[in-house]
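# Understanding the architecture of this molecule
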Amino acid sequence: LGDRYEIFAAAISSYLKRIPIGHIHGGEVTSGSMDDGFRHSITKLSYIHFAATNASQKRILQLGEKKNSVFNIGSLSLENIKKIKFLTKSQVEKKYNIKLKNKVAFVVFHPNTVEMNNDISDINKILSTFKKFSDYSFIFSGSNIDLGGVKISKKLKDFSKKNNFLFRDSFGKVDFLSILNFSKVIIGNSSSGIIEAPSLKTFTINIGKRQKGRELSRSIFNSSFNNEQFFNLFKKLDKIKDRKKYFKFNPYKSKNGSDKIIK
């Protein structure tokens, strides 16, 4: 599953040993990260393909794969969240010994691995606007293991400690999705804001180019690292009253995707 360099290593090994590969989530585009190259390379090494959207399925076919080996099964993570027993907001407060305000924003930043720009400087611009939203509690999850992730995690941890916000290097699957479930918005550049958040009826402010190219639900709003643009977008989103129209469709929706894979 996926587009990471760890699974790319497994794909090369399997290919050399002539072990057939079934690849999940191929055909997607994230032009702001190196995952793009790994993902398309894994596609060319694979025998059978399980795309998460119609557009991804078409892109795999454009890469020259056989039509009878490419299937759209949706995102398995959306199938998975139907089975998770989410923690409530009060349970999270008790577990992490913190009192949250009525409005919660979840913050997740990963490095931009294509453009070697100053991620910390960019993120600082966004963090500087948070104090203007005093009616929100901000929860921070640590960055991933991509180059630059350690520096981002340290920055978010220091900022959280200074402002008495909750930070963890990793919340684990259940706690992460539970927090995403009761948050009003997820801010940053995580794929969770693109795939899972719309199905949990959580707004997304997708910042920067890391996820550029992915298909987006109406509940996802794009922003640059310009603090004024981000502030205005956050303010606009905070005032939305009619939420229903933003959560009618998720292009990654899955219905029994795992059963389809097995079949």
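As a reminder, the structure under discussion sits directly above these lines.
Attention here is on the structure that accompanies the text.

Conventions used here
- Residues numbered from 1 in each chain as written.
- Predicted model: local features only at pLDDT ≥ 70, side-chain atom pairs only at ≥ 80, totals over all residues.
- Heavy atoms only, no water.
- Helix = DSSP H or I, 4+ residues; strand = E, 2+ residues; numbered from the N terminus.
- Rg over C-alpha atoms; globule rule 2.2 N^0.38 Å.
- Buried < 20%, exposed > 50% of the residue type's maximum accessible area, 1.4 Å probe, protein only.
- Areas by Shrake-Rupley, 256 points an atom, 1.4 Å probe, with all protein chains shown as cover.
- Core = buried A, V, L, I, M, F, W, Y, C linked by side-chain atoms within 4.5 Å.
- Contact = heavy atoms within 4.5 Å.
- Pairing = 2+ DSSP bridges.
- Axes fitted to C-alpha atoms, helices over the stretch in contact; angles between N-to-C directions.
- Parallel < 35°, antiparallel > 145°, perpendicular 65-115°, else oblique.
- Left-handed = near helix turned anticlockwise from the far one by under 90°.
- Nonpolar A, V, L, I, M, F, W, Y, C, P; charged D, E, K, R; others polar.
- Salt bridge = Lys/Arg side-chain N within 4 Å of Asp/Glu carboxyl O.
- Patch = residues over 30% accessible without salt bridge, like charges linked within 9 Å, V, L, I, M, F, W, Y side chains within 5 Å.
- Phe/Tyr/Trp six-rings, centres within 6.5 Å; stacked < 30°, edge-to-face > 60°.
- Lys NZ or Arg CZ within 6 Å of the ring centre and 35° of its normal.

We now examine the overall build of the chain. Along the chain, the regular secondary structure elements total 11 helices and 9 strands. At 19 Å, the chain has a C-alpha radius of gyration in line with the 18 Å of a compact globule built from 263 residues. Dimensions along the principal axes, computed over C-alpha positions, put the chain at roughly 55 × 35 × 35 Å. Taken over 263 residues, the chain has a buried fraction of 52%. For the chain, the accessible surface area stands at approximately 13800 Å², while carbon and sulfur atoms represent 54% of it.

The biggest cluster of nonpolar side chains holds 30 residues, and the ones touching the most others in it are Phe 130, Phe 138, Phe 140, Val 185, Ile 187, Ile 205 and Phe 234. At the level of elements, strand S4 (103-108), helix H6 (119-127), strand S5 (136-141), helix H7 (149-163), strand S7 (185-188), strand S8 (203-207) and helix H10 (227-238) are the ones that each hand at least two residues to this core. Broken down by element, the residue count for this core peaks at 5 residues, all from H10. Setting aside its immediate chain neighbours within four residues, Val 185 contacts Val 104, Ala 105, Phe 106, Tyr 136, Thr 202, Phe 203, Thr 204, Ile 205, Phe 234 and Leu 237. By size, the runner-up hydrophobic cluster in this structure holds 27 residues, among which are Ile 81, Leu 100, Val 104 and Ile 139.

With that settled, consider the sheet that holds S4. Taken in spatial order, the 6 strands make up an open sheet running S6-S5-S4-S7-S8-S9, and their pairing is parallel. The sheet is open, and its two edges are formed by strand S6 (166-168) and strand S9 (220-223), each paired on a single side. For this sheet, the mean inter-axis angle between neighbouring strands, taken without regard to orientation, is 20°. In terms of strand pairing, S4 meets S7 through 4 bridges, oriented parallel. Bridged to Ala 105 within S7 is Val 185.

Remark: H6 packs on H7, axes separated minimally by 10 Å, with the N-to-C direction vectors making an angle of 25°. With respect to H7, the element H6 is oriented roughly parallel. Where H6 crosses over H7, the two elements pack in a sense that is right-handed. When H6 is examined against H7, the residues Asp 119, Ile 120, Ile 123, Asn 124 and Leu 127 are found in contact with a partner set consisting of Lys 151, Ile 152, Lys 155, Leu 156 and Phe 159. Of the residues in the contact of H6 with H7, the class split is 6 nonpolar, 1 polar and 3 charged.

We now examine the pattern of salt bridges. Under the definition given, this model contains 14 salt bridges. Residue Asp 3 is joined to Arg 39 by a salt bridge in which the shortest nitrogen-to-oxygen separation is 2.9 Å. Within this pair, whereas Asp 3 is found in the segment before helix H1 (5-16), its partner Arg 39 is found in helix H2 (residues 35-45), the two being separated by 36 residues in sequence. Of the charged contacts, one joins Lys 103 and Asp 135 as a salt bridge, the two residues approaching to 3.1 Å between their closest N and O atoms. Placement of the pair is Lys 103 in strand S4 and Asp 135 in the loop between H6 and S5, with a sequence separation of 32 residues. Residue class for Asp 135 comes out partly exposed when judged on its relative accessible area of 37%.

This brings us to the environment of Gln 229. On the secondary structure map, Gln 229 appears in helix H10. Overall, Gln 229 belongs to the partly exposed group, its relative accessible area being 36%. Gln 229 sits 103 residues away from Ile 126 along the chain, and the two C-alpha atoms are 9.7 Å apart. Apart from the residues lying within four places of it in its own chain, the contact partners of Gln 229 are Asn 222, Ser 223 and Ser 224.

Turning to a nonpolar patch on the surface, a few remarks are in order. On the surface, Ile 12, Tyr 15 and Leu 16 cluster together into a nonpolar patch covering about 310 Å² of accessible area. Positionally, Tyr 15 belongs in helix H1. Accessibility expressed as a relative area gives 46% for Tyr 15, which makes it partly exposed.

Quick look at the packing of aromatic side chains now. Taken as a whole, this structure holds 26 aromatic pairs when the rule is applied. Between the aromatic rings of Phe 106 and Phe 176, the centroid separation amounts to 4.9 Å while the plane-to-plane angle is 55°, which identifies the pairing as tilted. Within this pair, whereas Phe 106 is found in strand S4, its partner Phe 176 is found in helix H8 (residues 172-182), the two being separated by 70 residues in sequence. Each ring, one from Phe 130 and one from Phe 159, has its centre 6.2 Å from the other, and the planes form 70°; the classification is edge-to-face. Here the residue Phe 130 occupies a position in the loop between H6 and S5, and Phe 159 occupies one in helix H7, the gap between them amounting to 29 residues. Each member of the pair Phe 130 and Phe 159 is classed as buried. Ring-pair connections join several aromatic residues into one group, and the members of that group are Phe 130, Phe 133, Tyr 136, Phe 138, Phe 140, Phe 159, Phe 165, Phe 230, Phe 231 and Phe 234. Here the basic side chain of Arg 4 rests over the ring of Tyr 5, its NZ or CZ set 5.0 Å away from the ring centre. Lying over the aromatic face of Phe 231, Lys 132 brings its terminal NZ or CZ to 4.9 Å of the ring centre.

So, to be careful, I would describe these as geometric facts and stop short of saying anything about function.
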